[in-house]
Structure formats: C-alpha cells, structure tokens
Amino acid sequence: SHTQASDGYLTIRELAQEAKQRGLLTIAVTDHSQSSVQANGLSPQRLVTHIAAIRKVNEETEGITILAGSEVDIHSDGRLDYEDELLAQLDVVVASPHSALKQDPVKATQRLLKAIEHPLVHIIGHPTGRILGKRPGLEPDMPTLFAAAAEHCTAMEINANSWRLDLRDTHVHTAINAGAMISINTDAHGAIDFDQLRYGILTARRGWVTPEHCINCFTTEKLMTWLARSC
C-alpha cells in the first residue's frame, strides 16, 4: 500500500483506519523507492523519516499492526534501489520491477533471481510488470523463479489490481506446485483500492492456493516469524 509520502492519497493514519474498519489485522505501508521518480519515490533520508512516522502511528493505533516497508525497485541488473543497511530497518521489503520491462527473458530471469535470493527481500511484487491491454511485461523463466522462491522463503505476489493481476492464475498454480508462498496485495493507493482484494483472492483460488500457501492467512505471530526469515 502507498501513502501521501509517495503516490498515494491517504496519510499513514488514514490508510490504517481504512484497513482496520475493513477487518484487516495487519497492513504494510510500502511507499515507492527513490528510482520511481514518477511516483515521488523516497530518497534514503525521506525513507528513514517515513519509517519513524509509521512506527509512531503504529504505537498510537489499536486493533491493527502497521508494518514499515517499502516497494523497492529492482534495477535491470538485479540490484535493489536501497543499500542493505537501510533495507534492514524495514519490517517488510517488496522488490518490484518497474523499468526495462521489455528485457530479454534470460536477463529478466537472472534479474529477478537476484532479488528472490536477496536475504532482506520478503516479497517479489508484480513479477512480470504487465498492464492488461497495454504491455505484456517481462517473460522470465517462471518455474526457475518459483523454485528459488521456495528455497529462499520469498513470497511471490498476486497484485490484485484489476489492471495487473500479476501473477496470473496459471503462474500461481505453477508456484504452488513448486512449494512457493503467495502474497495477495491490493497495491492500495486510496481507500477504494481495498475493494480490489477480491480479484487477488479469485486469482489465488484459480491457482489452487490454500491458506497454508498464502501469507495473508497467517496468524500475526506466524507472519512476524516469517518476516523475521524464520521459515
């Protein structure tokens, strides 16, 4: 989810209250990283300030846990948009491709593998970067990625936005067969975006996801254990 710190429409507190009233127990605030200039991505200094603001709102808000995270760009060579020292301060790191989305499949596979294998990355966001009706996105070797994700305890995202649905249902089924975990995310930029969660759930069902495969279904204790990489 995104707040006014990058390209969202809500404050941290407004986002948390919206999630809480919808019955969610945990929400991750994952504003864009510095290379996403078009999305007002956060410089390292701004991210440090943002982390402190998230922690403050979390302490003041009952009934929901607010995680300090970032949606971090995966560069074309697999490098991440922040240094490890800064990434280590976050509760959750979602690494996503936003550029070079016509990359050669072999290079795209290696690019995403580096992110999957990174010890501080929890989730690979919208792995192909497709936009329905506009661009096909990357075409990496998905079985190779899913095998690596299972090995490194990295979840693969179903981005529930109706323009993305990425992973698609066939990819999800392949991921489950490989033993990979799935994360269903709304990519919320505003209150109405929470309504799109249903599309992610439907995609997961078509891919035969069960609660055991989906981090959204974890108890709070199990989720925190998973985020600490104690898989």
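All of the points below concern the structure found in this document. (Residues numbered from 1 in each chain as written. Predicted model: local features only at pLDDT ≥ 70, side-chain atom pairs only at ≥ 80, totals over all residues. Heavy atoms only, no water.)

Let us now look at the environment of Leu87. Structurally, the position occupied by Leu87 is in helix H3 (residues 84-87). By relative accessible area, Leu87 is classed as buried at 1%. When near neighbours in sequence (up to four residues on either side) are disregarded, Leu87 contacts Val72, Leu80, Tyr82, Val93, His118 and Leu120. (Helix = DSSP H or I, 4+ residues; strand = E, 2+ residues; numbered from the N terminus. Buried < 20%, exposed > 50% of the residue type's maximum accessible area, 1.4 Å probe, protein only. Contact = heavy atoms within 4.5 Å.)

For the rest of this paragraph, the subject is helix H5 (residues 142-152). For H5, every residue scored as buried is listed here: Met142, Leu145, Phe146, Ala148 and Ala149. Taken around the axis of H5, the buried residues stretch over an arc of 160°, which confines them to a single face. Of the surrounding secondary structure, the elements contacted by the buried residues of H5 are helix H4 (105-117), strand E5 (155-159) and helix H6 (169-178). One or two steps after H5, the chain reaches Cys153, where phi turns positive at roughly 60°. (Arc of directions from axis to C-beta.)

Bringing the nonpolar core into the picture now. Core analysis: the biggest nonpolar cluster contains 53 residues, and Ile66, Leu80, Ile124, Met156 and Ile182 have the highest contact counts within it. Beyond its immediate sequence surroundings of up to four residues, Met156 is in contact with Ile116, Ile124, Pro127, Phe146, Ala149, Leu167, Met181, Ile182 and Ser183. Formed by 12 residues, the second largest nonpolar core is a distinct cluster that contains Leu67, Met181, Phe218 and Leu227. (Core = buried A, V, L, I, M, F, W, Y, C linked by side-chain atoms within 4.5 Å.)

Taken in spatial order, the 6 strands make up an open sheet running E1-E2-E3-E4-E5-E6, and their pairing is parallel. Bordering the open sheet on either side are strand E1 (26-32) and strand E6 (182-185), each of which pairs with just one other strand. Of the strands in this sheet, E1 and strand E2 (65-73) are in contact with helix H2 (residues 44-60), which crosses E2 at around 160°. (Pairing = 2+ DSSP bridges. Axes fitted to C-alpha atoms, helices over the stretch in contact; angles between N-to-C directions.)

This brings us to the side chain of Asp187. With respect to the secondary-structure elements, Asp187 resides in the loop between E6 and helix H7 (197-206). The buried charged residue Asp187 lacks any salt bridge, with Arg164 as its nearest oppositely charged partner at 4.1 Å. Within the local environment of Asp187, its side chain forms a polar contact with the side chain of His2, the two groups lying 2.8 Å apart. (Lys, Arg positive; Asp, Glu negative; His and termini not counted. Salt bridge = Lys/Arg side-chain N within 4 Å of Asp/Glu carboxyl O. Polar contact = N/O pair within 3.5 Å; in protein donor to acceptor, adjacent residues only side chain to side chain.)

Using the criterion set out here, one finds 0 aromatic pairs in the structure. The lysine or arginine in question, Lys134, covers the ring of Trp163, its NZ or CZ lying 5.6 Å from the ring centre. (Phe/Tyr/Trp six-rings, centres within 6.5 Å; stacked < 30°, edge-to-face > 60°. Lys NZ or Arg CZ within 6 Å of the ring centre and 35° of its normal.)

Another aspect to go through is the pattern of salt bridges. Scanning the model with the defined rule gives 7 salt bridges in all. Put simply, Asp195 and Arg22 hold a salt bridge, and the shortest N to O gap is 2.8 Å. Of the two residues, Asp195 is situated in the loop between E6 and H7 and Arg22 in the loop between helix H1 (12-21) and E1; the sequence distance between them amounts to 173 residues. Residue classification places Asp195 among the partly exposed positions, given a relative accessible area of 30%. A salt bridge links Glu60 to Lys56; its shortest N-O distance comes to 2.6 Å. Within this pair, Glu60 and its partner Lys56 are both found in helix H2, separated by 4 residues, close to a single helical turn. Sharing partners across several salt bridges, the network here consists of Arg13, Lys56 and Glu60.

So, on to the side chain of Ser33. Mapped onto the elements, Ser33 comes out in the loop between E1 and H2. One polar contact links the side chain of Ser33 to the main-chain amide nitrogen of Asp73, over a distance of 3.0 Å. Once residues within four sequence positions are removed from consideration, Ser33 is found in contact with Gly41, Leu42, Ser70, Glu71, Val72, Asp73, Asp81 and Tyr82.

Further remarks concern the pairing of strand E3 (residues 92-96). A large share of E3 lies buried, amounting to 5 of its 5 residues. Where burial is concerned, the two faces of E3 agree: the one with Val92, Val94 and Ser96 and the one with Val93 and Ala95 are both buried. As judged from the 5 bridges shared by E2 and E3, these two strands associate in the parallel manner. Among the inter-strand pairings, Gly69 is bridged to a residue of E3, identified as Val92. Two strands pair when backbone bridges link them, and E3 and strand E4 (residues 123-124) are joined in this way by 2 bridges, in the parallel orientation. By the bridge assignment for E4, Val94 is matched with Ile123. Tracing the backbone out of E3, into H4 and back to the parallel element E4 gives a crossover that is right-handed. (Right-handed = clockwise from strand over helix to strand, strands pointing away.)

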